[in-house]
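# Chain and residue survey
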Amino acid sequence: MLTVIVVFLTGLFASNIIGQRLLRLWEGILRRIPVVNSIYNGVKQVSDTLFRPGGQAFRKALLVQWPQPGQWTIAFLTGRPGGDVANHLEGDYLSVYVPTTPNPTGGYFVMLRRKDVVELDMSVDEALKYIISMGVAVPARVPPRAAPLATKTPPM
C-alpha cells in the first residue's frame, strides 16, 4: 500500500508545473557530473525509446535459434541494420533483440539474416509475459500463418 501511495504522489508531483521544473533542475545537475552524465543520458535515451506511449521499440515477436543452432528462443524485431554496419552486411538482415529471462531488460542485440528468423503470431506483450514467466505463462495457441518472415519452422 505504501508503494502505491509513493508512486501515486511521485506521479502527481511530477505532473504539475513545479514538479516538472524540479525534474528539469535535477536532470541539469545530473548532466554536470562527468561519469553520471554518460550513464544517465544512455539510460534516459533507452527508457524514452522503450517506454514512450505508443512506442514501437519492439515491433514484432520472433523465434530465433539462440544461443546455438537447434535451441530456440523468443526475440524482438527492432528494425534493420543501419549506418556503416549496413555497408558491411551482404544480404537481407534484421536487427533483433534477444532478451534474457526473467529480466528482459538484459539481453543481446544481434543482426540476423531474415531467412533465419520466424515471425510469431504473438503480440509483443504476450511474448514479454512468456519470457518473464520463464515459459510458465504460455500464450494462447493460434492457427498456422500463411506467410511467415522465413520458410524455416522450428521442430515441435
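Residues numbered from 1 in each chain as written. Predicted model: local features only at pLDDT ≥ 70, side-chain atom pairs only at ≥ 80, totals over all residues. Heavy atoms only, no water.

### Some words on the side chain of serine 133
For serine 133, the position within the fold is in the segment after α5 (124-132). Since its relative accessible area comes to 18%, serine 133 is described here as buried. Within the local environment of serine 133, its side chain forms a polar contact with the backbone nitrogen of valine 136, the two atoms lying 3.2 Å apart. (Helix = DSSP H or I, 4+ residues; strand = E, 2+ residues; numbered from the N terminus. Buried < 20%, exposed > 50% of the residue type's maximum accessible area, 1.4 Å probe, protein only. Polar contact = N/O pair within 3.5 Å; in protein donor to acceptor, adjacent residues only side chain to side chain.)

### What to know about the sheet that holds strand β1 (residues 60-65)
Taking strand neighbours across the sheet as the criterion, the five strands line up as β4-β3-β2-β1-β5 in an open arrangement whose pairing is antiparallel. Edge strands, defined here as strands with exactly one partner in the open sheet, are β4 (107-113) and β5 (117-119). Going across the sheet, the axis of each strand differs from the next one's by a mean of 40°, ignoring polarity. (Pairing = 2+ DSSP bridges. Axes fitted to C-alpha atoms, helices over the stretch in contact; angles between N-to-C directions.)

### A few points about the environment of alanine 140
Take alanine 140: it is sitting in the segment after α5. Once the C-alpha coordinates of alanine 140 and aspartate 121 are considered, the two residues, 19 residues apart in sequence, prove to be 9.9 Å apart.

### Comments concerning the side chain of serine 95
Tracing the backbone shows serine 95 in strand β3 (residues 93-99). Relative accessible area serves as the criterion here: at 4%, serine 95 is assigned to the buried category. Other than its neighbours up to four places away in sequence, serine 95 contacts Phe76, Leu77, Thr78, Gly79, Arg80, Pro81, Phe109, Val110 and Met111. (Contact = heavy atoms within 4.5 Å.)

### Quick look at α5
Of the positions making up α5, those classed as buried are Val124, Ala127 and Ile131. Around the axis of α5, the buried residues are gathered within 60° of arc, so they sit on the same side. Among the exposed residues of α5, those oriented more than 90 degrees off its buried face are Asp125 and Lys129. Packing partners of the buried residues in α5 comprise β1, β2 (72-79) and β3. Trailing α5 by a residue or two, methionine 134 shows a phi angle of about 60°, which is positive. (Arc of directions from axis to C-beta.)

### Structural notes on the packing of aromatic side chains
Enumeration according to the criterion identifies one aromatic pair in this entry. Seen from their ring centres, tryptophan 66 and tyrosine 108 are 5.4 Å apart, and the 40° between their planes marks the pair as tilted. Separated by 42 residues along the polypeptide, tryptophan 66 in the loop between β1 and β2 and tyrosine 108 in strand β4 bring together distant segments of the chain. (Phe/Tyr/Trp six-rings, centres within 6.5 Å; stacked < 30°, edge-to-face > 60°.)

### Brief notes about the pairing of β1
Relative to β2, β1 is paired through six bridges, and the arrangement is antiparallel. Note on β2: the bridge partner recorded for lysine 60 is leucine 77. Bridging between β1 and β5 involves three bridges; their strand directions are antiparallel. Paired with leucine 62 across the two strands is glutamate 119, which belongs to β5.

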